[in-house]
Amino acid sequence: MRCANCGNELKAGSLYCDVCGHPVQIVPDYNEFDDYLDNLVGNDDRRTDGQKTVKPVSDRTIRFDEPVREQLHSAGQRDGQKPDRMSQYENKQAQTGKQQSQTKQPCDEKPQSDGQRAKRAQQKKIIIISAVVCVVAIVILIAAITRNVSRSHDNSFDYQVKQAKAAYSAGNINSAVSYYEKALSIDSDNTDVRFALADIYMSKKDYDAALVLYQEIINIDPKSKEAYKKLISIYESKNDYDAIVALRESAKDASVLKLFADYTVSKPQFSKSSGKYGETIELSIDADSDTKIYYSYDSDDPLTRGERYYSPITLDREGTYEITAVAVDDRGIKSEVASAKYEIEFEAPDAPEIDPDGGTFGAQTDITITVPENCKVYYTWDSSDPSAASTEYTAPIPVPEGNNVLSVIAIDQNTGKCSDIYRSRFEFYMN
């Protein structure tokens, strides 16, 4: 603390300055707010002419007690000093007071009653309460505005995406995911946000979560080639080629199907078209050179219920055949199942040609029979129906003497089919 007169640093507890003798003056407590309130409520201490009144020294002004004054005065006299500084100060103050009293106008002050003081106190109290209410109202308003802004942000798709990008750039991945998920809750069909989320999951090697998002994208946009590429890449890394095939089968767009060119095995081809055949057929099955072929006569699943194809298949029995086949490459990727239907119904051979064709003969005569291709011919002379157990024709037959009926049949050795029976009467009598 310094002296107000000369600026000398004062010692703690000093009552006057050691240099200039100026007394230490302790200013009474002053409350600006109280003064402000006095002005608001209308202080009665103002003159009617607008000038401030001179207030008497407050009771709170610190004065030197008489014992202290006497003590200081005695100390000065013992030391042979001039009259103590305190006395000098008091004399000076007294002279100054006289001069002020001569120059100043008298104050028409009216003492305040207890009622007036109570009224002013009540007014101050009202002002304070009003101020507190205003502050509380402002705080509530700010809180409401903050809450509304927060709600507005929560319902803003653009804000959530912006925050997600900022969080991701800052390396706060979890916050970025949270913001993106909030954005999806606002716009559930947005594919861009799903791509961004899927990229984050891919970077974290959470492939299952990324798969779900890419699948959702192609459900929303079946022509999204980028989503299909990502799915193919994930399945390829897992060697899940069955999933790639299933994904290919779900694709409908021509441009998307081209993405599966390296994951497509050609369907097997049959050497003969489906249809009806009257003879034994040899059926070949062809597919890509780097594939294995499996086929079946009676199953829709030749891979698991069929057999491996090595050489042509012989269909040598009458009936209906439904052949299925599938090709599989080294990765296990299967082709579509190929199928063909064949109906085998063998044709009967033509009836044998007989020469001579019956008659009456007076001399020894031999009978010649023309045998159809792939057939054997059997005959009888007693009118009975010939069969494979009858006499086989191998060379011309002499006409026996008497009246006889020749019966002939041809049997196809490949199909077992029989021709119509030929019958003719031969009469031969020796002269």
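The structure under discussion appears in the preceding block.
The text that follows walks through the structure, step by step, so that each part is easy to find. Source: prediction; values computed, not measured. Position labels on residues start from 1 in each chain and follow its written sequence. Owing to the predicted nature of the model, reporting of local features is limited to residues with pLDDT of at least 70; listing and counting of side-chain atom pairs is limited to 80 or more, with chain, interface and lining totals taken over all residues. Remark: hydrogens and water are excluded; side-chain values derive from all non-hydrogen atoms of the structure.

For the rest of this paragraph, the subject is the pairing of strand β8 (residues 319–329). Each residue is assigned to one of three classes by its accessible area relative to the maximum for its type, calculated with a 1.4 Å probe on protein chains only: buried under 20%, partly exposed between the two thresholds, exposed over 50%. Segments assigned H or I by DSSP are reported as helices when at least four residues long, segments assigned E as strands when at least two residues long, and all are numbered from the N terminus. Burial of β8 is extensive: eight of the 11 residues sit out of reach of the surface. A strand pair is defined by DSSP finding two or more bridges across the two strands. As judged from the six bridges shared by strand β5 (residues 291–296) and β8, these two strands associate in the antiparallel manner. Within β8, the position partnered with S296 by the bridge is T324. Judged from the seven bridges that link them, β8 and strand β9 (residues 338–344) form a sheet pairing that is antiparallel. Looking at β9, one finds that T324 is bridged to S339.

Before going further, it helps to examine helix α10 (residues 241–250). Within α10 the residues assigned to the buried category are Y241, A243, I244, V245, L247 and R248. We call two residues in contact when some of their heavy atoms are within 4.5 Å. Buried residues in α10 make contact with α8 (207–220), α9 (225–237) and α11 (254–257).

Next up on the list: the sheet that holds strand β14 (residues 391–392). Strands belonging to one sheet form pairs held by backbone hydrogen bonds; the direction of such a pair is parallel or antiparallel. The sheet built from five strands is open, its strands ordered β11-β17-β16-β13-β14 with mixed pairing. Only two strands of the sheet have a single neighbouring strand rather than two, namely β11 (359–361) and β14. Where strand β16 (residues 402–412) lies against strand β17 (residues 422–428), seven bridges are found, and the strand directions are antiparallel. Its bridge partner being in β17, N403 is matched across the sheet by E427.

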